[in-house]
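Descriptive analysis of the structure
As a plain string of letters, each chain reads:
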Amino acid sequence: MKSIPEKGIPRKEVLDKLKGFAREDVNYRDNKIFSLVYYLGEEHTDFLKQAYGMYFSENGLNPMAFRSLKRFEHEVVRMSASLLNGDDQVAGVMTSGGTESCLLPVLAYREMARAGRVIPLRRPEMIAPETIHVAWEKAAKYFNVKMVHVPVDSDCRADVNAVRRKINRNTIMIVASAPSYPHGVIDPIAQLGEIALSHGIPFHVDSCLGGFLLPFVERLGYEVPPFDFRVPGVTSISADVHKYGFSAKGASTVLYRNIDYMKHQFYIYADWPGGVFASPALLGTRPGGSIAAAWAALNAIGMDGYLDIARTIMDTTGKLKAGIEAIDGLKILGKPAMGVFAYKSEDRDVNIFAVGDQLEKKGWLVDRLQKPDALHCMITPRHAAIVDQYLENLQGGVEIVRHNPKLATSGNAAMYGMIAHVPLRALVNKQVAKMMDELYGPQCIMPSLSTGSDQDSDPRAVKLLSAGLNALNRLKKGS
Ligand SMILES: *Cc1c(COP(=O)(O)O)cnc(C)c1O
């Protein structure tokens, strides 16, 4: 379709077309994916659609016009704050998702730091472990704040002493994860909170992933180190309702210990010809549907429902982790706190990315990590049904890879290995930028999702690979 059809197509026909295209997508309903979709089944999805549909046209931009949405937002914030052990001083807003909930605190704390200065703040800095979600890197870039990374220990937790050493007069904030996206590991929040408090620096806990799961994991009796508003130095927390809150996409929360922090993220412009303008977050128009659906999800699932969900997730996760560690050569990274974890290979003859390729041949959608190379799992209750099949395919994949060393240097495994290990990161960046141009350029060249078949890998991957190899060779020759 290169232009809008001259004559509108009957709705029924359009809907049929829409439905047809879904065939090209990954099928999340068979529970063979471990990211992107948080799915509880059709019944819950239909319920969310109803709630979303009821407020489909409403706009959260103007709370005076849609008091209903203001109420839902207020209640979602209060429910989230209480779940995360905040008192009634905690203030917050709903956002469009985790990324927005990460962007806003960087803006707020930068503005706050500026507001308090006699001598201008030249180069604001934020401190974060290397494992922090990429949304924070994006925030640093967007808001011109220097990202100062600290390493993580062998358990993938932020190095507390390194954080202490990196603090200087330009530091506007510290951020850490509960838990981290790559490894599902909680950073030493209590210790970081002490440091933040003693230096008077704001401290954000990124609980986008864990905010609606960890509190229930803790209630089930698992060991969960303090990560929320109970830690005195924590000044803000982000938690995504559209992840483990099992709401419709487009819903997250960012909460501040009190309004004095949050007010720095508000945008007000009184001189616009279009009228006096004020907005609490990033977006202008805010879809009422996602706000209403978030409210609906929290109310319908309830504390008992979330506890059941957490129980199933933790049981499933326990079985998967035990099964993975029982496979010769595989090891879970760190001590994951909840239903998110990664595993690597400790056997030189077993390339973990090649194992990933074998899993994809069996129809699994596999997420690869780097630094260190590993495979990723994010568990929902539906995965209870696939534990045995996954472990069987994994075991089989490991054996195949062990007996076919060339699998490590061919196909996707080679590409991912190259992307992860080519020393010239600028080169990787350049190649990815090229892919982005192709993907979003006027031709829209689609990189094919790995199909799991034996066909040759994506030509772009091959290009990337050969560019990387050439660069390595040039390096070796010393030119
Ligand atoms: C998912 C995630 C984000 C970003 O959330 P989006 O909803 O994808 O924008 C940020 N931090 C963590 C820890 C996450 O898991």
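Quick note: structure is the one above.
Note that the structure is a prediction, hence the values are computed from the model and not measured. (Residues numbered from 1 in each chain as written. Predicted model: local features only at pLDDT ≥ 70, side-chain atom pairs only at ≥ 80, totals over all residues. Heavy atoms only, no water.)

A closer look at the sheet that holds strand E1 (residues 91–95)
Strand order in this open sheet of seven strands is E1-E7-E6-E5-E4-E2-E3, and the pairing throughout is mixed. Of all strands in the sheet, those with a lone pairing partner are E1 and strand E3 (146–150), marking the two edges. Each neighbouring strand pair of the sheet contributes to a mean axis angle of 20°, computed without reference to strand direction. Pairing analysis gives three bridges linking strand E5 (residues 203–206) to strand E6 (residues 236–239), with the strands arranged parallel. Residue pairing for E6: Asp206 is matched across the bridge by Ser238. Packed on one face of the sheet, helix H3 (residues 67–83) meets E1 and strand E7 (252–256) and runs near 115° to E1. Across the sheet, helix H5 (residues 134–142) touches strand E2 (125–129), E3, strand E4 (171–177), E5 and E6, and the angle it forms with E3 is around 145°. (Pairing = 2+ DSSP bridges. Helix = DSSP H or I, 4+ residues; strand = E, 2+ residues; numbered from the N terminus. Axes fitted to C-alpha atoms, helices over the stretch in contact; angles between N-to-C directions. Contact = heavy atoms within 4.5 Å.)

Some details on the environment of Val134
Take Val134: it is sitting in helix H5. With relative accessibility at 57%, the residue Val134 sits in the exposed group. Residues Val134 and Cys102, 32 residues apart in the sequence, show an inter-C-alpha distance of 9.6 Å. (Buried < 20%, exposed > 50% of the residue type's maximum accessible area, 1.4 Å probe, protein only.)

Structural notes on helix H4 (residues 98–115)
Under the 1.5 Å per step criterion, the end-to-end length of H4 is 26 Å for 18 residues, consistent within 8% with the ideal 26 Å. In terms of burial, H4 is largely enclosed, as 13 of its 18 residues are buried. (Expected span 1.5 Å × (residues − 1).)

Quick notes on the nonpolar core
By size, the foremost hydrophobic cluster in this structure holds 93 residues, and its most contacted members are Tyr244, Tyr343 and Tyr390. Here this core gets 14 residues from one element, more than from any other, and that element is helix H10 (residues 288–325). Apart from the residues lying within four places of it in its own chain, the contact partners of Tyr244 are Tyr38, Leu209, Phe212, Leu213, Tyr306, Ile313, Met338, Gly339, Val340, Met378 and Ile379. Met126, Ala139, Ile172 and Met173 belong to the second largest nonpolar core, which has 30 residues in total. (Core = buried A, V, L, I, M, F, W, Y, C linked by side-chain atoms within 4.5 Å.)

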